[in-house]
Amino acid sequence: MSKRSFARHALSDWMKGTGPDSDIVISSRIRIARNLSGFPFPMLATNQQAREVMERLTAVAESGRLSGLGHFDTIPLSELNELERRVLVEKHLISPNLANESRCGALILSSNESVSIMVNEEDHLRIQCLYPGFQINEAWELASRIDDIFEEVTDYAFDEHRGYLTSCPTNVGTGIRASVMMHLPGLVLTQQINRILSAITQVGLAVRGIYGEGSEVQGNLFQVSNQITLGQSEGEIIENLFSVAKQIIEHERAARQRMLEESRLRLEDRIFRSYGILSNAFIVDSKESAQRLSDVRLGIDLGLIEDASPQVMNEMMVMTQPGFLQQLFEEKMSPEQRDVRRAELIRRQLHRKPDHGGA
Amino acid sequence: MICQECEKRPATLHFTKIVNGEKTEFHICESCAREKGEGLPGTANGFSIHSLLSGLLDFEPGGTAGAGSAKQQTLRCDACGLTYAQFSKMGRFGCSQCYAKFGDKLDPILKRVHGNTVHTGKVPKRSGGKIKLKRQIEQLRRDLNEQIVREEFESAAKLRDQIRELERKAAEG
């Protein structure tokens with residue numbers, strides 16, 4: 001049963017609200033896409049081939065080769081019900097694609113949930129490392145080590161000119177997607193965000209919602225990632241993302257400072273109004289919850305709200321998602337029932353004292 | 001990255017749409033987006049994403065459109081059976097052999113998506129041994145030339161021997 005602990009406890013390491021620049025960068029993520037040579041990509045693989053790919057890749061984890069990096073569990077997707085899969089998506093441990101469509105899909109998950117390795121997603125192997133705060137280099141180093149471990153015993157589809165061959169032409173080459181999830185209420189409130197986002201896209205980076213491609217921006221959370229995977233080395237890709245993210249962090253800090261100096265009263269009113277509503281409301285829908293949690297998180301980061309920790313907020317962003325709520329309360333709920341439970345959960349968490357005196 | 005519509009201005013809007021697991025990405029500039037009307041993500045039937053992506057993948061370098069598309073209808077990967085027409089519709093390869101099979105047709109696509117066509121990053125340690133060896137030999141040759149220019153003949157001789165050794169290894173495969 002320990003394999004299913006991911007569905008029970010809310011806190012992955014990346015949600016701890018710690019790490020460098022964690023007032024703005026929620027998490028840093030590296031994903032590496034790899035395929036085995038000699039097998040069609042998962043989309044066209046026969047059941048037999050998909051099963052063989054799964055067996056080969058999970059065998060690497062079972063052989064103990066990863067044990068130097070922590071404890072890992074292998075979880076075949078077929079063993080999980082719909083709700084458990086959804087919780088994994090909400091915790092950013094697997095992609096919606098793996099949850100919904102994969103044949104012979106599997107997840108190899110580290111016990112602190114900072115490494116999740118997807119088998120038979122769009123590509124045969126997707127190694128994901130997720131760190132709290134701004135630690136994109138650290139995430140890359142770990143992902144690359146895991147990549148080396150798999151490569152020791154499996155033949156990757158690799159071409160001298162095209163690099164690592166992937167199912168989608170947007171991943172070919174390095175196969176890496178490096179991304180940082182950033183909380184940018186200052187830039188949104190001071191209306192600088194559109195200018196900055198369009199500048200970001202000019203330098204080969206993309207901006208997405210927090211649940212990845214195709215998802216909406218919620219609660220002022222933006223995911224900035226590299227768009228280019230071919231023709232730049234991994235180091236260049238990460239360096240580019242790092243320096244752009246560093247600049248966004250500075251702009252965000254400046255915007256927050258300016259708001260404090262120029263319109264403190266209005267800012268405090270907004271933050272404490274949201275805090276008041278979340279502490280007392282009985283019905284909160286997901287959109288309102290995301291927006292108000294963002295306000296409260298800003299209040300915590302600015303030192304205006306002292307009796308709640310940033311960790312609570314990161315947790316809440318995940319725990320108030322539909323799948324997680326239903327898992328937590330162990331009942332199937334209509335959207336209206338979820339709004340009631342969501343409000344209940346947030347009230348309870350906000351009245352709870354910080355775990356270790358805040359971060 | 002250049003706008004897929006006007007092919008002139010830089011693309012500043014990047015969208016991905018997933019319909020029944022079919023993923024499509026497109027990149028356009030703001031004025032084309034405005035011209036096309038609503039059609040931005042979230043709105044149902046505006047901008048035809050499929051036509052955009054197909055437009056991107058059907059891109060035929062040099063050849064006339066008619067002859068090109070006839071040829072492209074029949075182009076098929078022997079290993080997995082995916083046709084080029086299916087590839088342009090889905091935007092995904094069926095297997096790693098597709099890259100070789102669709103060969104030169106990919107350069108303009110990759111160029112548009114990445115601005116580049118050649119990998120310069122990590123190489124697998126084990127299976128990529130030969131490529132690593134090749135990169136290593138190239139580096140040693142550069143070092144060798146430098147030593148010769150500097151008239152450091154003793155270290156140049158050492159480098160020469162190293163290169164020979166590596167070349168022998170490479171030849172053995």
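The structure under discussion appears in the preceding block.
The model shown is predicted, which means the values in this text are computed figures rather than measured ones.

(A) Main features of the overall build of chain A. Looking only at helices and strands, one finds 13 helices and 10 strands in chain A. Over its C-alpha atoms chain A spans a radius of gyration of 21 Å, differing by no more than 12% from the 21 Å that the globule rule assigns to 359 residues. Seen through its principal axes, chain A has C-alpha atoms that stretch 65 × 45 × 35 Å. The burial tally for chain A puts 61% of its 359 residues in the buried class. The long-range share in chain A, meaning contacts at least 24 apart out of those at least 6 apart in sequence, stands at 72%. As displayed, chain A has an accessible area near 14,000 Å², and 47% of this comes from carbon and sulfur atoms. Between the averaged position of the 39 positive side-chain charges in chain A and that of its 49 negative side-chain charges there is a distance of 4 Å.

(B) Here's a closer look at the interface of chain A and chain B. Contact with chain A, which involves 48 residues of that partner, is made by 43 residues of chain B. A buried area of about 4,000 Å², summed over both sides, lies between chain A and chain B, and 53% of it is on carbon and sulfur atoms. There are 7 salt bridges connecting chain A and chain B. Put simply, Lys-122 of chain B and Asp-147 of chain A hold a salt bridge, and the shortest N to O gap is 2.8 Å. Here the element with the most residues in the side of chain A that touches chain B is helix 5 (residues 136–153) of chain A; it accounts for 7 residues. In terms of residue class, the side of chain A that touches chain B is built from 17 nonpolar, 18 polar and 13 charged.

The rules behind these values
- Residues numbered from 1 in each chain as written.
- Chains lettered and ligands numbered in written order.
- Predicted model: local features only at pLDDT ≥ 70, side-chain atom pairs only at ≥ 80, totals over all residues.
- Heavy atoms only, no water.
- Helix = DSSP H or I, 4+ residues; strand = E, 2+ residues; numbered from the N terminus.
- Rg over C-alpha atoms; globule rule 2.2 N^0.38 Å.
- Buried < 20%, exposed > 50% of the residue type's maximum accessible area, 1.4 Å probe, protein only.
- Contact = heavy atoms within 4.5 Å.
- Areas by Shrake-Rupley, 256 points an atom, 1.4 Å probe, with all protein chains shown as cover.
- Lys, Arg positive; Asp, Glu negative; His and termini not counted.
- Charge placed at Lys NZ, Arg CZ, Asp CG, Glu CD.
- Buried area = accessible area lost by both parts, 1.4 Å probe.
- Salt bridge = Lys/Arg side-chain N within 4 Å of Asp/Glu carboxyl O.
- Nonpolar A, V, L, I, M, F, W, Y, C, P; charged D, E, K, R; others polar.

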